[in-house]
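This is what each chain is made of:
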Amino acid sequence: MTRALNGSGFLGLAVMMAVGLHQFVILSGGDAVPGWMIGGHAHLGVLSILAIVMGFAVPALGVTGNLRTAVTGLFIAGQWGIPGIVWLGEGFGLTFLMPTGFIWGGALIVSMLIMLYKSVTQPGDFAGGGASSVTPSDD
């Protein structure tokens, strides 16, 4: 599942960069970039970085089983749903999709609340706070 989070994160960053290049082309042509395009670009970038971070945080906190599946699925849905509805709703005039933002935002919130639960219920030394089995060298 962490492969899905990392993969979705890196794909999201590639898409975000492609949109950024498209915005550059618009600007170099002397036109203004529409606000909806900027907003979707920014949200996809930030959420994609967080997807990569989540790819490391999920195993570090020992999230397993159904909770791991829920965190992964909910986060990826929100990662793509939020910028997706901005681009589709505002950019392509499909404004009837805009209320689904509450679904995608809710998915991200539930994913984070599961991570909050796991972070406060793990033993203090679970996520790397304990003794290391690696002996530091003097190189």
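Residues numbered from 1 in each chain as written. Predicted model: local features only at pLDDT ≥ 70, side-chain atom pairs only at ≥ 80, totals over all residues. Heavy atoms only, no water.

## So, the overall build of the protein chain
And then number 1: Counting its regular elements, the protein chain contains 4 helices and 0 strands.
And then number 2: Taken from N to C terminus, the helices and strands of the protein chain fall in the order α-α-α-α.
And then number 3: Residues counted as buried form 36% of the 139 residues belonging to the protein chain.
And then number 4: Contacts in the protein chain between residues at least 24 apart in sequence constitute 77% of all its contacts with a sequence separation of at least 6.
And then number 5: Here the protein chain has roughly 8,200 Å² of accessible surface; of this, 71% comes from carbon and sulfur atoms. (Helix = DSSP H or I, 4+ residues; strand = E, 2+ residues; numbered from the N terminus. Buried < 20%, exposed > 50% of the residue type's maximum accessible area, 1.4 Å probe, protein only. Contact = heavy atoms within 4.5 Å. Areas by Shrake-Rupley, 256 points an atom, 1.4 Å probe, with all protein chains shown as cover.)

## Some thoughts on helix 1 (residues 2-28)
Note on helix geometry: an α-helix contains 3.6 residues per turn, so any two residues three or four positions apart are oriented the same way.
And then number 1: A rise of 1.5 Å per residue sets the reference length of helix 1, with its 27 residues, at 39 Å; its end C-alpha atoms lie 39 Å apart and thus fit the reference within 8%.
And then number 2: Within helix 1 the residues assigned to the buried category are T2, L5, N6, S8, G9, G12, L13, M16, V19, Q23 and I26.
And then number 3: Contacts made by the buried residues of helix 1 are with helix 2 (35-60) and helix 3 (65-91).
And then number 4: Following helix 1 by one or two positions, G30 adopts a phi angle in the positive range, close to 90°. (Expected span 1.5 Å × (residues − 1).)

## Quick word on the packing of helix 2 against helix 3
Geometry of a packed helix pair, given as the angle between the helix axes and the separation of the axes.
And then number 1: Following both chains from N to C, one finds helix 2 and helix 3 inclined at 175°, their axes separated by 9 Å at the closest point. Between helix 2 and helix 3, the interaxial angle falls into the category roughly antiparallel.
And then number 2: Looking at the contact of helix 2 with helix 3 residue by residue, the classes come out as 16 nonpolar, 7 polar and 2 charged. (Axes fitted to C-alpha atoms, helices over the stretch in contact; angles between N-to-C directions. Parallel < 35°, antiparallel > 145°, perpendicular 65-115°, else oblique. Nonpolar A, V, L, I, M, F, W, Y, C, P; charged D, E, K, R; others polar.)

## Looking at the nonpolar core
And then number 1: One finds M54, V58, V63, V71, F75 and M115 to be the most contacted residues of the largest nonpolar core, which totals 13 residues.
And then number 2: The dominant element in this core, judged by the number of residues it contributes, is helix 2, at 4 residues.
And then number 3: The next biggest cluster of nonpolar side chains, apart from the first, holds 9 residues, and it includes M16, V19, M37 and I52. (Core = buried A, V, L, I, M, F, W, Y, C linked by side-chain atoms within 4.5 Å.)

## Some words on a nonpolar patch on the surface
And then number 1: A contiguous nonpolar patch, built from V46, I49, L50 and V53 and spanning about 340 Å² of accessible area, is present on the exposed surface.
And then number 2: You can see V46 is positioned in helix 2. (Patch = residues over 30% accessible without salt bridge, like charges linked within 9 Å, V, L, I, M, F, W, Y side chains within 5 Å. Salt bridge = Lys/Arg side-chain N within 4 Å of Asp/Glu carboxyl O.)

## Considerations on the side chain of Q122
And then number 1: With respect to the element layout, Q122 can be found in the segment after helix 4 (101-121).
And then number 2: Note on Q122: relative accessible area 19%, which makes it buried.
And then number 3: Separated by 3.1 Å, the side chain of Q122 and the backbone oxygen of L61 make a polar contact.
And then number 4: Discounting residues that sit within four places of it in the chain, Q122 has contacts with L61 and G62. (Polar contact = N/O pair within 3.5 Å; in protein donor to acceptor, adjacent residues only side chain to side chain.)

## Considering the environment of M16
And then number 1: Of note, M16 is situated in helix 1.
And then number 2: Residue M16 is classed as buried on the basis of its relative accessible area of 13%.
And then number 3: With 67 residues separating them in the primary sequence, M16 and P83 have C-alpha atoms 9.9 Å apart.
And then number 4: Excluding its chain neighbours within four sequence positions, the residues that come into contact with M16 are H41, L44 and G45.

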